[in-house]
Amino acid sequence: MAKTPQQSPATIIPRAEHCISRSQMSEQAIKVLYGLKKAGYQACLVGGGVRDLLLGREPKDFDVATNASPEQVKDTFRNCRLIGRRFRLAHVGYGRNVIEVATFRANLEPESDEDVHVENGRIIRDNAFGCIEEDVWRRDFTVNALYYDISNFSVIDYVNGYDDLKQGILRMIGEPTARYHEDPVRMLRAIRFAVKLGMRIEEKTEAPIFELAGLLAEISPARLFEEVLKLFHSGKALQTFESLRHYGLFTPLFPQTELILSQEAEGFPHTLICEALKSTDTRIQAGKPVTPAFLFAAMLWEPMQEKMAPMLEQGMPAIQAIQAATDQVFSVQRRSISIPKRFAIMVKEIFVLQARLMNRSGKRALRTLEHPRFRAAYDFLLIRSIGDDSLAEHAQWWTEIQTCDNAGRESMLLPNENKKSRRRRKPKIKRTDG
Ligand code: ATP
Ligand code: MG
């Protein structure tokens, strides 16, 4: 059972005893905290902002918690809009500087009224507002439940989060099984924070995950798309992938991929995915952009190949087979994770270009070079070619041709074998008329 506030008075860590200073916060976060305070509300920085600053890391974003209702937040700031239906929040600011402001949530009392709705242990709607002493028990991990109070710059700790943070322990607040039932995405969050922050998942928090992983099947594919991006675009995708598989959480996310990985004898697809994730990690660490399309291409390449094989055997042309197989793989994948259309198109283009990259002759090869998705497809070929000599030779050729000028490119083109063989096969027409 979750401890009640009465059982656990807060530990207050005064300004002099912690390392958080306002100079480490974004300008927008400070504006929001002081804006709320000035309007007479309680305002705290909470979640990842406090956690990461205490760890000496740069926070990804700043989240604010307050006793002002979403409407009161909206009335306090000009640049504020309310979002979410089932979990109403206020967003203050624009673009990259949005601060998420959450009103303190109340204790969950199932069937209480229309603001809160819990069904089979799952939180469906959560808009009953309360005070900080209630809100704290609604948060996921102890290290995510520390409040930095703008009124006196102290850190308020109801759940021993400060000690857990110092010891590198990720501990669920309350009874972990019930908390995973309330929201199965918390299992993915456990993996994400453990990997990102190098923390150990405490035993009672860890144990139920193996059995409850399947609950993820009930989460909306759109939410899982967002979560999967956070997991794999964190800069530690490879470690995350291995951890997800360890806990059985990869299966509900990418069932077709897991099936192939579990059947695999020589380890090739595993290599492809690992190499792709390594490359994503390297790009993120170097501050280079990444696209979800590359992630989905890596995860779905082998499942697509498996679907395509019988189509090729039946004589379907390669490109048509790739397109048909990709559609089939997408339709299964979308039951667990939605793939926004623009990324789905990109994945298909990367796949089709894999076939076109096998052709190094004539104008068609030059046209492949001009394709808007050439770069992504070429990067994908490089990953596929690791440990495969014949693909590596193709990849090398495409690497070189990019460095040539137009004349150099023409000279690199291989003879057009199709044309030659067509010419050879063409029967000579005998003139019989004279
Ligand atoms: P990140 O660095 O990814 O932003 P974060 O801990 O700030 O990590 P957010 O998703 O921004 O994560 O959420 C902010 C805070 O809201 C969390 O720290 C946690 O206290 C609470 N929270 C978010 N999602 C959940 C959830 N599914 N269940 C319970 N509490 C949650
Ligand atoms: Mg956050």
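Reading the values: the criteria
Residues numbered from 1 in each chain as written. Chains lettered and ligands numbered in written order. Predicted model: local features only at pLDDT ≥ 70, side-chain atom pairs only at ≥ 80, totals over all residues. Heavy atoms only, no water. Buried < 20%, exposed > 50% of the residue type's maximum accessible area, 1.4 Å probe, protein only. Helix = DSSP H or I, 4+ residues; strand = E, 2+ residues; numbered from the N terminus. Arc of directions from axis to C-beta. Contact = heavy atoms within 4.5 Å. Salt bridge = Lys/Arg side-chain N within 4 Å of Asp/Glu carboxyl O. Domains from an automatic or database assignment. Pairing = 2+ DSSP bridges. Near = heavy atom within 4 Å. Polar contact = N/O pair within 3.5 Å; in protein donor to acceptor, adjacent residues only side chain to side chain. Axes fitted to C-alpha atoms, helices over the stretch in contact; angles between N-to-C directions. Left-handed = near helix turned anticlockwise from the far one by under 90°. Nonpolar A, V, L, I, M, F, W, Y, C, P; charged D, E, K, R; others polar. Phe/Tyr/Trp six-rings, centres within 6.5 Å; stacked < 30°, edge-to-face > 60°. Lys NZ or Arg CZ within 6 Å of the ring centre and 35° of its normal.

(A) Highlighting helix H8 (residues 203-212). Turning to H8, its buried residues are Thr205, Pro208, Ile209 and Leu212. The buried residues of H8 occupy an angular sector of 120 degrees when the element is viewed end-on, so they sit on one face. Opposite the buried face of H8, at more than 90 degrees from it, the exposed residues are Glu203 and Glu211. Residues of H8 that are buried sit in contact with strand E11 (169-170), helix H6 (176-182), helix H7 (185-197) and strand E12 (200-201).

(B) View of the pattern of salt bridges. One pass over the structure, following the stated rule, counts 20 salt bridges. For Lys60, the salt bridge identified is with Asp61, shortest N-O distance 3.4 Å. Residue class for Lys60 comes out exposed when judged on its relative accessible area of 56%. For Asp61, a relative accessible area of 30% gives the class partly exposed. For Asp164, the salt bridge is made with Arg171, and the minimal N-O distance between the two is 2.9 Å.

(C) Focus on the domain arrangement of the protein. You can read the domains of the protein as domain 1 (11-167) and domain 2 (258-412). Centre-to-centre, using C-alpha coordinates, domain 1 lies 42 Å away from domain 2.

(D) The pairing of strand E4 (residues 80-83), seen in detail. Note that E4 and strand E5 (residues 89-92) share four bridges and pair antiparallel. Paired with Arg81 across the strands is His91, a residue of E5. Hairpin remark: E4 followed by E5, antiparallel, with five residues in the connecting loop; positive phi at Gly84, about 75 degrees.

(E) A look at the site of ligand 1. The environment of ligand 1 is made up of 17 residues, and the closest members are Gly48, Arg51, Asp183, Arg186 and Arg192. With respect to ligand 1, the backbone of Gly48 contributes an N or O atom lying 2.8 Å from an oxygen atom. Measuring from a nitrogen atom of ligand 1, one finds a side-chain N or O atom of Arg186 at 2.8 Å. Those elements that place two or more of their residues in the shell around ligand 1 are helix H2 (48-54) and H7. Broken down by element, the shell around ligand 1 gets its largest block of residues, five residues, from H7.

(F) Expanded view of the side chain of Asp183. Note that Asp183 resides in the loop between H6 and H7. According to the relative accessible area criterion, Asp183 is buried, its value standing at 14%. A polar contact is formed between the side chain of Asp183 and the side chain of Arg223, at a distance of 3.0 Å. In this view, Asp183 contacts Ile219 and Arg223; residues no more than four positions away in its chain are not counted.

(G) Local environment of the packing of helix H18 (residues 374-384) against helix H19 (residues 389-403). Across the interface, H18 lies against H19 with an axial gap of 9 Å and an inter-helix angle of 145 degrees. For the crossing formed where H18 meets H19, the hand is left-handed. The residues of H19 that touch H18, namely those facing Phe374, Arg375, Tyr378, Leu381, Leu382 and Arg384, are Leu391, His394, Ala395, Trp398, Thr399 and Gln402. Grouping the constituent residues of the contact of H18 with H19 by class yields seven nonpolar, three polar and two charged.

(H) Layout of the packing of aromatic side chains. For the structure on display, the rule yields 16 aromatic pairs. Note on Phe141 and Phe193: the rings are 6.1 Å apart at their centroids and 80 degrees apart in plane angle, and the pair reads as edge-to-face. With Phe141 in the loop between helix H4 (132-135) and strand E9 (146-149) and Phe193 in helix H7, this pair connects stretches of sequence that are 52 residues apart. Here Phe141 falls in the buried class, since its relative accessible area comes to 0%. Exposure remark for Phe193: the relative accessible area of 4% places this residue in the buried category. Summarising the aromatic geometry, the rings of Phe351 and Phe380 are spaced 6.2 Å apart at their centres and angled 45 degrees between planes, so their arrangement reads as tilted. In this pair, Phe351 sits in helix H16 (residues 341-356) while Phe380 sits in helix H18, placing the two residues 29 residues apart along the sequence. Here a set of aromatic residues connected by ring pairs shows up, and it is made of Phe225, Phe241, Phe250, Phe254, Phe296 and Phe343. When the ring centre of Phe153 is taken as origin, the NZ or CZ atom of Arg22, which lies over that ring, is 3.9 Å away.

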